[in-house]
Amino acid sequence: MYKIFHAVLKELRLLRRDLLGFAIIFLMPVVLIITITFIQNSVENNSARIQLPVLLVNLDEGDLSKKVIENLETNNNIKIISEIDGEAITENSGRGLIAKGTQKVLIIIPPEFSDFIQNQTDIHVNRLMSTVVPDMEVEGDTESNTLTKEVQIHFDPAISSSIKSNIKGAIESMISELESKAIYETFERELDADLSFLTEQKLVVFKEYSVSVNEIDIAPTAVQHNLPAWTLFAIFFIVIPLSINIVKEKNQGTYVRLKTLPVSSFHLMLSKIIVYLLVCMIQFYLMLMVSVFLFPIIGLPALDVEGKLIGLTVVALFSGLAAIGFGVLIGTFAKTHEQAAPFGATSVVILAAIGGLWFPVFAMPETMQMIAKVSPMNWALEGFYDVLLRSAGLISLAPNLLLLLTFFIINITIAVAYEKKINQL
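Every value quoted in this text rests on a predicted model; they were computed, and no experiment measured them.

Secondary structure assignment for the chain yields 16 helices and six strands. Sequence separation of 24 or more characterises 78% of the internal contacts of the chain that already satisfy a separation of 6 or more. Within the structure as shown, the chain displays about 24,500 Å² of accessible surface, and the carbon and sulfur contribution to it stands at 62%.

Have a look at this one:
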């Protein structure tokens, strides 16, 4: 115990030599979680206040096009712009603004849009009426030559495909609803009957539930998604100072001098594990305190850890062990700082990307979903989600915790075996 105590003191002195770098390890994740959570929370909960400017050129003067414009204007996420600096927007000027990147979206409603919709509606209703009631006299044509009318939507190439799909889907849904209303109105006129009851009440409604292990309905927030991700990112970045310190000990001859002392390799390894695991847990609790106490002050939802603190701590502990094992492995194989630092940083970023810290695993291609299952960050992330979002107990956490522990043991075993091999040579 005495030997371990002094070995731990040695590791703490090494960390003390670079206080600025040590501070960055704690400050960087805090800045990240505050920034990303603030942005995500604003997008999810305050999207009604953020309006996307949409240029509109209406070449039709009918009622249906006016209804389209009214519906677009009542959509809080869209701000309709029909003129700039007192001049009406034309097709050419609108395309020019999109091409320059000054504006992002341009909608062009074609000429005779309302007449076309009404005419096609009348034709479809007349055709149906003549089929259902053959003897009934039907006014107007029953044949249609033109099947579609093109509403043009021009996008700035910088706009993401998801935003494009949302805008196109909203417009298509709105026009489809107007077409349905026009059909009902035409039927009412032909049958001289009130058919409003068909649209007064929805036949199907949707209600959202979040299913957890203990069957408690949980409403997930941006904090619950970001705390696990950026905490893991911070914990695994410990591989950089850990691997660099191991390389320093080898290159400066410190490790050789330590071997001459009555201290075993086990004591030296255990001291590193204790010190850096302590650093990982300080990082975790710092992120936790920011989420619980600071977030409400800056207008973000506070993290609810009632009944979950033990589970979160256990997951963080095993995550720290996995990160330390990985750092020891890198430090053992690396021969210079230039090898340890870039490889450590790059590998952590790659593990985070494939592990689902930045993009949901279910949204990845099937091949990447299979690769994600071998990322220790994914095991840890699922463990955090089990506690925060699914209210899972320690028994439910066992599979992911076992994977993290196995990852730690394998890394340490490989590092020790490689070190023994090198020393024998």
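Buried residues dominate strand S5 (residues 105–109), accounting for five of its five residues. Residues Val105, Ile107 and Ile109 of S5 are buried on one face, and the alternating residues Leu106 and Ile108, pointing to the opposite face, are buried as well. Pairing analysis gives five bridges linking strand S1 (residues 52–58) to S5, with the strands arranged parallel. Note that in S5 the partner of Val54 across the bridge is Val105.

On to the side chain of Thr332, then. You can see Thr332 is positioned in helix H12 (residues 309–333). Beyond its immediate sequence surroundings of up to four residues, Thr332 is in contact with Ile246, Lys250, Ala415, Tyr418 and Glu419.

All right, on to the nonpolar core then. Formed by 66 residues in total, the largest nonpolar core has its most connected members in Phe236, Val328 and Leu357. Elements with a contribution of two residues or more to this core: helix H2 (19–45), helix H8 (222–236), helix H9 (239–251), helix H11 (265–297), H12, helix H13 (337–355), helix H15 (376–388) and helix H16 (394–424). In terms of residues, this core owes the most to one element, H11, which gives 13 residues. Once residues within four sequence positions are removed from consideration, Val328 is found in contact with Leu242, Ile246, Met269, Ile412 and Ala415. Residues Leu72, Val105, Ile107 and Ile117 belong to the second largest nonpolar core, which totals 21 residues.

The way to describe two aromatic rings as a pair is by their centre distance and the angle between their planes. As enumerated under the stated definition, the model contains seven aromatic pairs in all. Relative to Phe407, the ring of Phe326 lies with its centre 6.2 Å away and its plane at 45°, an arrangement referred to as tilted. Separated by 81 residues along the polypeptide, Phe326 in helix H12 and Phe407 in helix H16 bring together distant segments of the chain. As far as burial versus exposure is concerned, Phe326 and Phe407 are alike and both buried.

With that out of the way, let us pick up the packing of H8 against H12. Their axes nearest at 9 Å, the elements H8 and H12 cross at an angle of 35°. Handedness of the H8/H12 crossing: right-handed. Of the residues in H12, those touching H8 at Leu232, Ile235 and Phe236 are Ala316, Ser319, Gly320, Ala322 and Ala323. Counted by class, the contact of H8 with H12 contains six nonpolar, two polar and no charged residues.

On to H15, then. An ideal rise of 1.5 Å per residue puts 18 Å on 13 residues; H15 measures up with 18 Å between its terminal C-alpha atoms. Here H15 lies mainly inside the structure; twelve of its 13 residues are buried. Regarding H15, the residues found buried are Pro376, Met377, Asn378, Trp379, Ala380, Leu381, Gly383, Phe384, Tyr385, Asp386, Val387 and Leu388.

On to the confidence of the model for the chain, then. Confidence in the prediction for the chain averages 78 pLDDT; 75% of positions are at 70 or higher. Taken element by element, the predicted model of the chain shows its lowest mean pLDDT in helix H7 (residues 197–200) (58) and its highest in H12 (93). Throughout residues 213–217 the model reports pLDDT below 50, and contacts reaching past four residues in sequence, or to other chains, amount to nine contacts.

At their nearest, the axes of H12 and H15 sit 9 Å apart, and the two run at 175° to each other. Put simply, H12 runs roughly antiparallel to H15. Within the contact between the two elements, H12 uses Gly311, Leu312, Val315, Ala316 and Ser319 and H15 uses Ala380, Gly383, Phe384, Val387 and Leu388. Split by residue class, the contact of H12 with H15 holds seven nonpolar, three polar and no charged.

Mapping Thr102 onto the fold places it in the loop between helix H4 (91–100) and S5. The sequence separation of Thr102 and Asp156 amounts to 54 residues, and the corresponding C-alpha distance is 8.9 Å.

Helical periodicity: at 3.6 residues per turn, an α-helix aligns residues three or four positions apart in one direction. If you check H8, its first and last C-alpha atoms are 22 Å apart, about what 15 residues at 1.5 Å a residue would give, namely 21 Å. Burial within H8 is extensive, with 14 of its 15 residues counted as buried.

The next thing to look at is the sheet that holds strand S2 (residues 78–81). The sheet built from four strands is open, its strands ordered S2-S1-S5-S6 with mixed pairing. The sheet is open, and its two edges are formed by S2 and strand S6 (152–155), each paired on a single side. Taking each pair of neighbouring strands and ignoring which way they run, the sheet shows an average axis angle of 25°. Summarising the sheet, S5 and S6 pair through four bridges and their orientation is antiparallel. Along S6, the bridge assignment pairs Ile108 with Gln152. In this fold helix H3 (residues 63–74) packs onto S1, S2 and S5, with an angle of close to 155° to the strand it touches most, S5.

Below, the discussion takes up a nonpolar patch on the surface. A grouping of Phe38, Leu294, Ile297 and Ile298 is seen on the molecular surface, where their side chains present a nonpolar patch of about 350 Å² in accessible area. You can see Ile297 is positioned in helix H11. You can call Ile297 exposed: its relative accessible area is 69%.

Rules used throughout
- Numbers given for residues are sequential positions, taken from 1 along each chain in its written order.
- The predicted origin of the model limits local features to residues at a pLDDT of at least 70 and limits the giving and counting of side-chain atom pairs to 80 or more, whereas totals for whole chains, interfaces and linings rest on all residues.
- To get the side-chain values, all heavy atoms of the structure are used, and hydrogens and water are removed first.
- Secondary structure follows DSSP: runs of H or I at least 4 residues long count as helices, runs of E at least 2 residues long count as strands, and numbering of each begins at the N terminus.
- Every residue pair with non-hydrogen atoms within 4.5 Å of one another is taken to be in contact.
- Computed by Shrake-Rupley with a 1.4 Å probe, the accessible areas treat only the displayed protein chains as cover when residues are assessed.
- Here the term buried applies to any residue with accessible area under 20% of the maximum for its type, exposed to any over 50%, and partly exposed to those in between, with areas from a 1.4 Å probe on protein chains only.
- For two strands to be treated as a pair, DSSP must find no fewer than two bridges joining them.
- By nonpolar core is meant a set of buried Ala, Val, Leu, Ile, Met, Phe, Trp, Tyr and Cys residues that side-chain atoms within 4.5 Å join together.
- Any Phe, Tyr or Trp ring, taking Trp's six-membered ring, that has another such ring centre within 6.5 Å forms a pair; planes under 30 degrees apart are called stacked, those over 60 apart edge-to-face, and the others tilted.
- As a rule, the C-alpha atoms of each element are fitted with a line to give its axis, helices using only the stretch in contact, and angles between N-to-C directions run from 0 to 180 degrees.
- Helix crossings fall into two classes, left-handed where the near helix is turned counterclockwise from the far one by less than a right angle and right-handed where it is turned clockwise.
- Amino acids are sorted into nonpolar (Ala, Val, Leu, Ile, Met, Phe, Trp, Tyr, Cys and Pro), charged (Asp, Glu, Lys and Arg) and polar (every other residue, Gly among them).
- Multiply 1.5 Å by the residue count of a helix minus one, and that product is the helix's expected span.
- What pLDDT conveys is the predictor's confidence in a given residue, as a value from 0 to 100.
- Just so you know how the angles are binned, under 35 degrees is roughly parallel, over 145 roughly antiparallel, 65 to 115 roughly perpendicular, and the rest oblique.
- Residues qualify for a patch when their relative accessible area is over 30% and they have no salt bridge, like charges being joined within 9 Å and the nonpolar side chains of Val, Leu, Ile, Met, Phe, Trp and Tyr within 5 Å.
- Should a side-chain nitrogen of Lys or Arg be within 4 Å of a carboxyl oxygen of Asp or Glu, the pair is scored as a salt bridge.

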